[in-house]
Amino acid sequence: MDWEDTTVIEATKQYFDKFVSAWNPRPACNRLDFVRRSLLDDPCLLDTTKILSSSPNSDLEELLNRVQRHTKCSEQTCLRRKQSQLQCRYNAPWPTQPTSSLHIESDGKIKYLPSRNDERLNIHNRTMIYIWRANVDCQPVLSRHAVLKYIAKYASKAEQRSETYHQMLSRFSRDADADSPAHIAIRKMLTESIVEHDISAQETCHMLQKMPLVMCSRPFVSLNVGKKILRRVVESDADAEQTSAFLDAYKVRPTIMEHLPLIQVARDWSYNKNRKGDKWKK
């Protein structure tokens, strides 16, 4: 980009303005109001009919203030120690500015900053928020170096050992508001517990070598005899032979096996519809 040409700079800035925003439609005096709401009223959990029937502007306002505001900084999330001082690794809060800017900083890096009226609102894309209905940041790609650095960072990032359930619940409880109901902390713990996953060195080796993670030295037959899946015995032998299900095969077993109960047949006999000759083998 020709940084001497102000027309090019302005056109580039306007291009990014279409996709990136940090503007909060809610008045500043109402952003800190905590409204306790039920799960049925959570903007993230609305069903499709409610989303389509609601006002787009109102829906965007609810979503942004529900999932996109970086309201709290803690050592467990974003605070990092720099020169004996704790600082947010996202550099929040961010300075407000009435218009967007595009410039080169002193270290040579290109910097784009959208217009901002909320020092705690994450940079986002409106369409992505509408669809994803959860926190998602959006940063414009400003140089090839930034892309390579981003890929190298995550390709070489080591996985950290996850917390115990007790540590996880303690962290959520400590960071929650004093007047927040307990189920909020518990729900966050359950959500995070299915995301974090420690993989052992042995499991990694098995996965790389495409070896099975589970082996059993004994063959076994799984039988579901629940009434919901039981079907009537078909009268046609030809139809019955087309299925390899053990339960269906037992229903049309040979005469010499008619006196045997299902549990005994499953324990002592094997069935294979493709076996030549007698399909049942003890």
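Report on the accompanying structure. (Residues numbered from 1 in each chain as written. Predicted model: local features only at pLDDT ≥ 70, side-chain atom pairs only at ≥ 80, totals over all residues. Heavy atoms only, no water.)

## Quick look at the overall build of the protein
Reasoning step 1: Looking only at helices and strands, the protein has 11 helices and six strands in total.
Reasoning step 2: Counting every position in the protein, which comprises 282 residues, the buried fraction comes to 24%.
Reasoning step 3: Sequence separation of 24 or more characterises 54% of the internal contacts of the protein that already satisfy a separation of 6 or more.
Reasoning step 4: Per element, the accessible surface of the protein, about 21,500 Å² overall, is 55% carbon and sulfur. (Helix = DSSP H or I, 4+ residues; strand = E, 2+ residues; numbered from the N terminus. Buried < 20%, exposed > 50% of the residue type's maximum accessible area, 1.4 Å probe, protein only. Contact = heavy atoms within 4.5 Å. Areas by Shrake-Rupley, 256 points an atom, 1.4 Å probe, with all protein chains shown as cover.)

## Brief notes about the packing of helix 6 (residues 165-175) against helix 7 (residues 182-193)
Reasoning step 1: Where helix 6 contacts helix 7, the two axes come as close as 9 Å, and the packing angle between them is 135°. In terms of their interaxial angle, helix 6 and helix 7 are classed as oblique. Seen from above, helix 6 lies across helix 7 with right-handed handedness. Of helix 7, the residues touching helix 6 (which contributes Tyr165, Met168, Leu169, Arg171, Phe172 and Ser173) are Ala185, Ile186, Lys188, Met189, Glu192 and Ser193.
Reasoning step 2: Residue classes in the contact of helix 6 with helix 7 are distributed as seven nonpolar, two polar and three charged. (Axes fitted to C-alpha atoms, helices over the stretch in contact; angles between N-to-C directions. Parallel < 35°, antiparallel > 145°, perpendicular 65-115°, else oblique. Left-handed = near helix turned anticlockwise from the far one by under 90°. Nonpolar A, V, L, I, M, F, W, Y, C, P; charged D, E, K, R; others polar.)

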